[in-house]
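Here is how the chains run, residue by residue.
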Amino acid sequence: MKDETTMETTTEREGPDLKSAGSLPPEQQKRYLTLLPTAALCVAISFGASLTAIYGYDRWYAQKIVAVDIKGYIARQRESYLTGKMTDDDLKKSFDRLESVITAIPRNRVVIMGDAVVRNAETVNP
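Not measured: the values here are computed from a predicted model. (Residues numbered from 1 in each chain as written. Predicted model: local features only at pLDDT ≥ 70, side-chain atom pairs only at ≥ 80, totals over all residues. Heavy atoms only, no water.)

Novice: Lay out the side chain of Gln77 in plain terms, naming residues and giving numbers.
Specialist: Positionally, Gln77 belongs in helix α3 (residues 70–83). Leaving out residues up to four positions away in the same chain, Gln77 has contacts with Met86, Leu91 and Ser94. (Helix = DSSP H or I, 4+ residues; strand = E, 2+ residues; numbered from the N terminus. Contact = heavy atoms within 4.5 Å.)

Novice: Kindly report on the side chain of Ser94, identifying the contributing residues and their values.
Specialist: Among the secondary structure elements, Ser94 is positioned in helix α4 (residues 88–103). A polar contact of 2.7 Å, which involves the side chain of Ser94, links it to the backbone oxygen of Leu91. (Polar contact = N/O pair within 3.5 Å; in protein donor to acceptor, adjacent residues only side chain to side chain.)

Novice: Hey, could you go over the sheet that holds strand β3 (residues 122–124) for me, with residue numbers and the actual values?
Specialist: In space, the 3 strands of this open sheet follow the order β2-β1-β3, with parallel pairing throughout. Looking at the sheet topology across the chains shown, the edges are occupied by β2 (109–113) and β3. For this sheet the average axis-to-axis angle between neighbouring strands, irrespective of direction, equals 35 degrees. Across 3 bridges, strand β1 (residues 64–68) lies against β3 in parallel orientation. (Pairing = 2+ DSSP bridges. Axes fitted to C-alpha atoms, helices over the stretch in contact; angles between N-to-C directions.)

In short, the description is geometric, and any link to function would need to be established separately.
Right, here's the structure in full:
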């Protein structure tokens, strides 16, 4: 009799598993259906945060080189002054403008003379 009872118990346990072997229970189906949008949302948020961090670092923190052609600017101003195209007041205003352009350059920019630049540097023309 023990053999018959164990056989009945075994078939009772296998019965529900065989019926549902072809499909997942509704709870698991819902979990798998919400997993893909959740993963896509996480990837999108991570991608956006990474781009924002890189942009912010490059914009406000990373050091960049800026060239200012002071020597050429002074030569042009001197030539204009000597030919009479510029008065004393105009000359003073042009040098004040040069100073304001140089002081307006952000702190994360390294300013060098324009003569020292060979290529690939941003050049500021006052």
